[in-house]
There are 2 protein chains.
Amino acid sequence: MSKPLILVSNDDGITSKGIRILVSAMKKLGEVVVVAPDSPQSGMGHAITIGETLRLSSEDIFEDVQAYKSSGTPADCVKLAKHHVLKGRTPDLVVSGINHGSNTSISVLYSGTMSAAIEGALEGLPSIGFSLCDYSSNADFSHVEEWVEKIALQVLKNGIAKGIALNVNFPPKRNEDIKGIKICRQAEAKWQEEFDERLDPNGRNYFWMAGNFVNFDKGEDNDEWAIANNYISIVPCQYDLTAHHAISQINKDWDWDNL
Amino acid sequence: MSKPLILVSNDDGITSKGIRILVSAMKKLGEVVVVAPDSPQSGMGHAITIGETLRLSSEDIFEDVQAYKSSGTPADCVKLAKHHVLKGRTPDLVVSGINHGSNTSISVLYSGTMSAAIEGALEGLPSIGFSLCDYSSNADFSHVEEWVEKIALQVLKNGIAKGIALNVNFPPKRNEDIKGIKICRQAEAKWQEEFDERLDPNGRNYFWMAGNFVNFDKGEDNDEWAIANNYISIVPCQYDLTAHHAISQINKDWDWDNL
């Protein structure tokens, strides 16, 4: 078997610590090509660049790895890789991350890391987003590299069902080893925003978005539970958003004769 | 019953034609508050503004309607409305649009219009995104206002199941009346991107993202079929992305002893 072709992207930008570890792990498994944003894109969700131009240039920062930085979003980077950089070659795997911060539960919707993985899935490619649930500025990634490699190897061996990308979150480094992997559902939780209103030097008001993560979910089969209990969580995420169960319900409930 | 409180947002910006029609329709049903981006935000997906500040200011452009423009994304606008502008009042309905352009099928992932609606659903509020499948610069919205009002009324009467927002798309204006409404699933389709590479006046290359929409779906129960056949499509969209069926499959397939 020839070496697998692995496309790497992220949302923290091409110079971030997480992508260095991801590239290091993927080099053990195959030929790596990187296309990643030239600056941090956290919170970009599944944004794409339309109505504006995109830049793309090669960047010699990973040893023996073809790498490009782009002015675009994570989703743009995967599109640029697939339809321009790779010149007709098809990746065997798309990986994104390792994000510096959690993408569990509802954060998946806001996640640039996962938008790159979902963009890969849209292209029919096995795709994984990796995130470390540690927001501290000196977050320790040392306990995750071997797991990143193992999970990628499972996906290279077994593939992923059509229409699905994996959302992998790692617990922060603790004094005990990671207990293992749990295949999970997305926890039912939300961000409870608060807006911190301030005045600029000209007396005009502006806001910082802040807030707390609130977990409503009491189950033990979800990603929040897994991380809290020192397991790696893997949520298979689909891009078909249809709530199929709701279709017949709406057809039954909506009465056009008595509106 | 007191007048329902209706929050209006969009992604084309507060001065767009679509939001004017949406406000006009909603004023017939309740008290309207608008919080919308100060400039177009198409393709923003579920982006939110973190690490940067937000502006918010009142804007007197809709008669008898409290309105605010924000520097943020559509998702930011709904968060600002819920947690700041409305000062503890809870909307009975969140509506977004009317987007100038289609948000059927996979476009829902890239849609700022739908991110505002999904943000409403995350807050537990009945929420709808409206889009007109017509990209022409002089798109005619005249055939949709009565339908927008009717659909909003159904939702005010019947609510929407928890965790779901409605993605409503209208066919372009044709020489025949709209045939009715179909509650649909999201069509299986994708954007086939092409990147148009050019040189700037300094000789550096840049790209425009372009491409074609490719519909693989042969079914007659999806949103693309509905629009092509002059029906309004309504897809109930959920923010739980878990592919529940894949969880047991992965547990079965992944063999850690023979990696």
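Residues numbered from 1 in each chain as written. Chains lettered and ligands numbered in written order. Predicted model: local features only at pLDDT ≥ 70, side-chain atom pairs only at ≥ 80, totals over all residues. Heavy atoms only, no water.

**Concerning the pairing of strand β11 (residues 232-238) of chain A**
All names here are of chain A.
Moving on, step 1. The element β11 is extensively covered by neighbouring structure, given that seven of its seven residues are classed as buried.
Moving on, step 2. Alignment of strand β7 (residues 164-170) against β11, held across six bridges, turns out to be antiparallel. When the bridges of β11 are listed, leucine 166 appears paired with proline 236.
Moving on, step 3. For strand β8 (residues 181-183) and β11, the ladder comprises three bridges, and the chain directions are parallel. Looking at the pairing, isoleucine 181 lines up with isoleucine 232 of β11. (Buried < 20%, exposed > 50% of the residue type's maximum accessible area, 1.4 Å probe, protein only. Helix = DSSP H or I, 4+ residues; strand = E, 2+ residues; numbered from the N terminus. Pairing = 2+ DSSP bridges.)

**Notes on the relation of the copies chain A and chain B**
Moving on, step 1. Each copy superposes on the other: chain A lies on chain B with an RMSD of 0.0 Å after a rotation of 180° and an axial shift of 0.0 Å. Such values leave the two copies arranged in the relation of a two-fold axis.
Moving on, step 2. By residue overlap, the copies meet face to face through one surface: 100% of the interface positions of chain A are interface positions in chain B. (Least-squares fit on C-alpha atoms with pLDDT ≥ 70 in both. Contact = heavy atoms within 4.5 Å.)

**Side note on the sheet that holds strand β2 (residues 31-37) of chain A**
What holds strands together in a sheet is hydrogen bonding between their backbones, with the strands either parallel or antiparallel.
Residue and element names in this part refer to chain A.
Moving on, step 1. Read across the sheet, nine strands follow the order β3-β4-β2-β1-β5-β6-β7-β11-β8 without closing on themselves; strand pairing throughout is mixed. At either margin of the open sheet sits one strand with a lone partner, and together these are β3 (56-58) and β8. Ignoring strand direction, the axes of neighbouring strands in this sheet form an average angle of 20°.
Moving on, step 2. Where helix α2 (residues 74-85) meets the sheet, it contacts β1 (5-9), β2, β3 and β4 (66-70), and its direction lies at approximately 135° from that of β2.
Moving on, step 3. On top of the sheet, helix α3 (residues 112-122) reaches β1, β5 (93-100), β6 (127-132), β7 and β11; it is set at about 170° to β6, its chief contact. (Axes fitted to C-alpha atoms, helices over the stretch in contact; angles between N-to-C directions.)

**Comments concerning the sheet that holds strand β2 (residues 31-37) of chain B**
Residue and element names in this part refer to chain B.
Moving on, step 1. Strands sit in the order β3-β4-β2-β1-β5-β6-β7-β11-β8 across an open sheet of nine strands; the sheet is mixed. A single partner strand is all that each edge strand has here, and the edge strands are β3 (56-58) and β8 (181-183). Geometrically, the sheet is characterised by an average inter-axis angle of 20° between neighbouring strands, direction not taken into account.
Moving on, step 2. Note: strand β1 (residues 5-9) against β2, four bridges, orientation parallel. Bridge pairing links leucine 5 to glutamate 31 in β2.
Moving on, step 3. The sheet strands contacting helix α1 (residues 17-27) are β1, β2, β5 (93-100) and β6 (127-132), and the helix crosses β5 at an angle near 145°.

**Focus: α1 of chain B**
For an α-helix, 3.6 residues make a turn, and residues three or four places apart therefore share a direction.
Moving on, step 1. Buried within α1 of chain B are the following residues: Gly18, Ile19, Ile21, Leu22, Val23, Ala25 and Met26 of chain B.
Moving on, step 2. Contact partners of the buried residues in α1 of chain B: β1, β2, β5, β6 and α4 (145-158) of chain B.

**Description of the UniProt feature "binding site: a divalent metal cation" (unreviewed entry) in chain A**
All names here are of chain A.
Moving on, step 1. Under the UniProt annotation, the feature "binding site: a divalent metal cation" (unreviewed entry) is placed at Asp11, Asp12, Ser42 and Asn99. For this annotated set, covering 89 residues, all C-alpha atoms fall within 8.9 Å of each other, a compact arrangement in space.
Moving on, step 2. By secondary structure assignment, the location of aspartate 12 is in the loop between β1 and α1 (17-27).
Moving on, step 3. Judged by relative accessible area, which is 15%, aspartate 12 ranks as buried.
Moving on, step 4. For aspartate 12, the residues in contact, after removing those within four places along its chain, are Ser39, Pro40, Ser42, Ile98, Asn99 and His100.
Moving on, step 5. A distance of 2.8 Å separates the side chain of aspartate 12 from the backbone nitrogen of histidine 100, its partner in a polar contact. (UniProt positions renumbered as here; feature names shortened; annotations may be inferred. Polar contact = N/O pair within 3.5 Å; in protein donor to acceptor, adjacent residues only side chain to side chain.)

**A short note on the interface of chain A and chain B**
Much of the literature gives interface size as the accessible area that the parts lose upon coming together.
Moving on, step 1. Contact residues are listed per partner, giving 78 residues for chain A and 78 residues for chain B.
Moving on, step 2. Around 7,400 Å² of area is buried between chain A and chain B when both sides are counted, 64% of it from carbon and sulfur atoms.
Moving on, step 3. At the junction of chain A with chain B, the criterion picks out eight salt bridges.
Moving on, step 4. One salt bridge connects glutamate 188 of chain B with lysine 162 of chain A, and the closest N-O pair in it is separated by 3.1 Å. (Buried area = accessible area lost by both parts, 1.4 Å probe. Salt bridge = Lys/Arg side-chain N within 4 Å of Asp/Glu carboxyl O.)

**Observations regarding the side chain of threonine 113 of chain B**
All names here are of chain B.
Moving on, step 1. Structurally, threonine 113 can be placed in helix α3 (residues 112-122).
Moving on, step 2. On the basis of relative accessibility, which here comes to 0%, the residue threonine 113 falls in the buried class.
Moving on, step 3. Residues in contact with threonine 113, not counting those within four places in the same chain, are Asp11, Ser96, Gly97, Asn99, Asn103, Gly129, Phe130 and Ser131.

**Looking at the environment of proline 91 of chain B**
All names here are of chain B.
Moving on, step 1. By the secondary structure assignment, proline 91 is in the loop between α2 (74-85) and β5.
Moving on, step 2. Residue proline 91 is classed as buried on the basis of its relative accessible area, which comes to 3%.
Moving on, step 3. Between the C-alpha atom of proline 91 and that of proline 236, which follows or precedes it by 145 residues, the distance is 20 Å.
Moving on, step 4. In this view, proline 91 contacts Leu5, Leu7, Lys82, Leu86 and Leu125; residues no more than four positions away in its chain are not counted.

**Some thoughts on unusual backbone geometry**
Residues and elements named next belong to chain A.
Moving on, step 1. At the junction of glycine 97 and isoleucine 98, the peptide bond is cis and its omega measures out at -10° in the coordinates.
Moving on, step 2. Locating isoleucine 98 in the fold gives a position in strand β5.
Moving on, step 3. In this structure, lysine 87 takes a positive phi of about 45° despite not being glycine.
Moving on, step 4. Lysine 87 gets classed as exposed once you look at its relative accessible area, which sits at 67%.

**What about the packing of aromatic side chains?**
Moving on, step 1. Scanning all chains against the criterion turns up twelve aromatic pairs over all chains.
Moving on, step 2. Judged by centre distance (6.0 Å) and plane angle (15°), the rings of phenylalanine 130 of chain B and phenylalanine 170 of chain B are stacked. Taken together, the residues span a long stretch of sequence, with phenylalanine 130 of chain B in strand β6 and phenylalanine 170 of chain B in strand β7 (residues 164-170) at a distance of 40 residues.
Moving on, step 3. Note on phenylalanine 130 of chain B: relative accessible area 0%, which makes it buried.
Moving on, step 4. For the ring pair tryptophan 254 of chain B and tryptophan 256 of chain B, a centre distance of 6.0 Å and an interplane angle of 80° mean the geometry is edge-to-face.
Moving on, step 5. An aromatic cluster is present here, built from Trp147 of chain A together with Trp254 and Trp256 of chain B joined pairwise through their rings.
Moving on, step 6. Sitting over the face of the ring of tyrosine 231 of chain A, lysine 182 of chain A holds its NZ or CZ atom 4.6 Å from the ring centroid. (Phe/Tyr/Trp six-rings, centres within 6.5 Å; stacked < 30°, edge-to-face > 60°. Lys NZ or Arg CZ within 6 Å of the ring centre and 35° of its normal.)

**With respect to the pairing of strand β10 (residues 205-215) of chain A**
Residue and element names in this part refer to chain A.
Moving on, step 1. Sheet topology note: the strand β9 (residues 189-199)/β10 ladder contains eleven bridges and is antiparallel. Paired with leucine 199 across the two strands is asparagine 205, which belongs to β10.
Moving on, step 2. Where β9 folds back on β10, the antiparallel hairpin that results is connected by five residues, among which glycine 203 adopts a positive phi of roughly 85°.

**Let's talk about the packing of α1 of chain B against α4 of chain B**
Residues and elements named next belong to chain B.
Moving on, step 1. At a minimum axis distance of 9 Å, the contact between α1 and α4 shows a crossing angle of 50°. For the element pair α1 / α4, the angle class is oblique. As α1 packs across α4, the resulting crossing turns out to be right-handed. Seen from α1, the contacting residues are Ile21, Leu22, Ser24, Ala25 and Met26; seen from α4, they are Glu145, Val148, Glu149 and Ala152.
Moving on, step 2. Tallied by class, residues from the contact of α1 with α4 come to six nonpolar, one polar and two charged. (Parallel < 35°, antiparallel > 145°, perpendicular 65-115°, else oblique. Left-handed = near helix turned anticlockwise from the far one by under 90°. Nonpolar A, V, L, I, M, F, W, Y, C, P; charged D, E, K, R; others polar.)

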